[in-house]
Amino acid sequence: MMKFEAGKKYYESGVTFEIVKRTAKTITYKALQHAGSFNERILKEATTKIHDWETKEVFFCGDRTIEA
């Protein structure tokens, strides 16, 4: 099963999600715009529940589904 790891970045629909902290059931993430560029900025920082799908973990950020 693919799982989220603290310190890794995941890209979805023009936004990069950096996993800051992880527990067994939740993650804390930062949503970054222009990641790695001189004008990088944090759009959102939040804690959310992890959902187990068949072969991967996912979390929801508004209307986006981010997959491990």
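Structure: above.
For the structure given in this document, a descriptive report is provided here.

Criteria and thresholds
- Along each chain, residues carry numbers from 1 onward, in the same order as the chain's sequence is written.
- Selection of residues for local features in this predicted model requires a pLDDT of at least 70, selection of side-chain atom pairs for listing and counting requires 80 or more, and totals for whole chains, interfaces and linings are taken over all residues.
- Remark: hydrogens and water are excluded; side-chain values derive from all non-hydrogen atoms of the structure.
- Secondary structure elements follow DSSP: runs of H or I no shorter than four residues count as helices, runs of E no shorter than two count as strands, and numbering proceeds from the N terminus.
- Restricting the calculation to C-alpha atoms gives the radius of gyration, and the globule rule supplies 2.2 Å times the number of residues raised to the power 0.38.
- Burial status follows relative accessibility: with a 1.4 Å probe on protein chains alone, a residue under 20% of its type maximum counts as buried, one over 50% as exposed, and anything between as partly exposed.
- Only the protein chains shown count as covering a residue, and every accessible area follows the Shrake-Rupley method with a 1.4 Å probe.
- Within this scheme the basic residues Lys and Arg register as positive and the acidic residues Asp and Glu register as negative, but His and the chain ends are omitted.
- Each charge is placed at NZ for Lys, CZ for Arg, CG for Asp and CD for Glu.
- The nonpolar core is taken to be a set of buried Ala, Val, Leu, Ile, Met, Phe, Trp, Tyr and Cys residues, with the residues joined through side-chain atoms within 4.5 Å.
- Residues count as neighbours in contact if any of their non-hydrogen atoms are within 4.5 Å of one another.
- Following DSSP output, two strands are said to pair if at least two bridges run between them.
- Axis definition: a line fitted to C-alpha atoms, limited for helices to the stretch in contact. Angles are taken between N-to-C directions and run from 0 to 180 degrees.
- Between 30 and 60 degrees the pair is tilted, below 30 it is stacked and above 60 it is edge-to-face, where a pair is any two Phe, Tyr or Trp rings, Trp via its six-membered ring, whose centres lie within 6.5 Å.

Considering the overall build of the protein
In terms of regular secondary structure, the protein is built from zero helices and seven strands. Along the protein, helices (α) and strands (β) appear in the sequence β-β-β-β-β-β-β when read from the amino end. In terms of overall size, the protein behaves like a compact globule, its C-alpha atoms giving a radius of gyration of 12 Å where 68 residues would be expected to give roughly 11 Å. Reported as C-alpha extents along the three principal axes, the dimensions of the protein are approximately 35 × 20 × 20 Å. Burial analysis of the protein (68 residues in total) assigns 29% to the buried set. Surface accessibility of the protein: about 4,500 Å² in total, with carbon and sulfur atoms responsible for 47%. Looking at the protein, you have 12 positive and 10 negative side-chain charges, and the mean spots of the two groups are 4 Å apart.

Thoughts on the nonpolar core
Counting 14 residues, the largest nonpolar core has F4, F17, I19, Y29, F59, C61 and I66 as its most contacted members. Contact partners of F59, with chain neighbours within four places excluded, come to F4, F17, I19, I27, Y29, T48, K49, R64, T65 and I66.

Focus: the sheet that holds strand β4 (residues 41-49)
Read from one edge of the open sheet, four strands run β1-β2-β3-β4, paired in antiparallel fashion. Since the sheet does not close on itself, it has two edges, and those belong to β1 (9-12) and β4, each with one partner. Strand-to-strand twist across the sheet, computed as the mean angle between neighbouring axes with direction ignored, equals 25°. Bridge analysis of strand β2 (residues 15-22) against strand β3 (residues 26-33) gives six bridges, and the strand direction is antiparallel. By the bridge assignment, R22 is partnered in β3 with I27.

A look at the pairing of β3
Between β2 and the antiparallel strand that follows it, β3, lie three residues. The pairing of β3 with β4 spans eight bridges and is antiparallel. Looking across to β4, one finds that Y29 is bridged to A46.

Comments concerning the packing of aromatic side chains
The tally for this structure, following the rule as stated, stands at six aromatic pairs. Between F17 and F59, the ring centres sit 5.9 Å apart and the planes meet at 85°, which makes this aromatic pair edge-to-face. Placement of F17 in strand β2 and of F59 in strand β6 (residues 57-61) is noted, with a sequence separation of 42 residues between them. Across the pair, exposure class does not vary: F17 and F59 are buried alike. Grouping aromatic residues by their ring pairs yields a cluster made of F4, Y10, F17, Y29 and F59.

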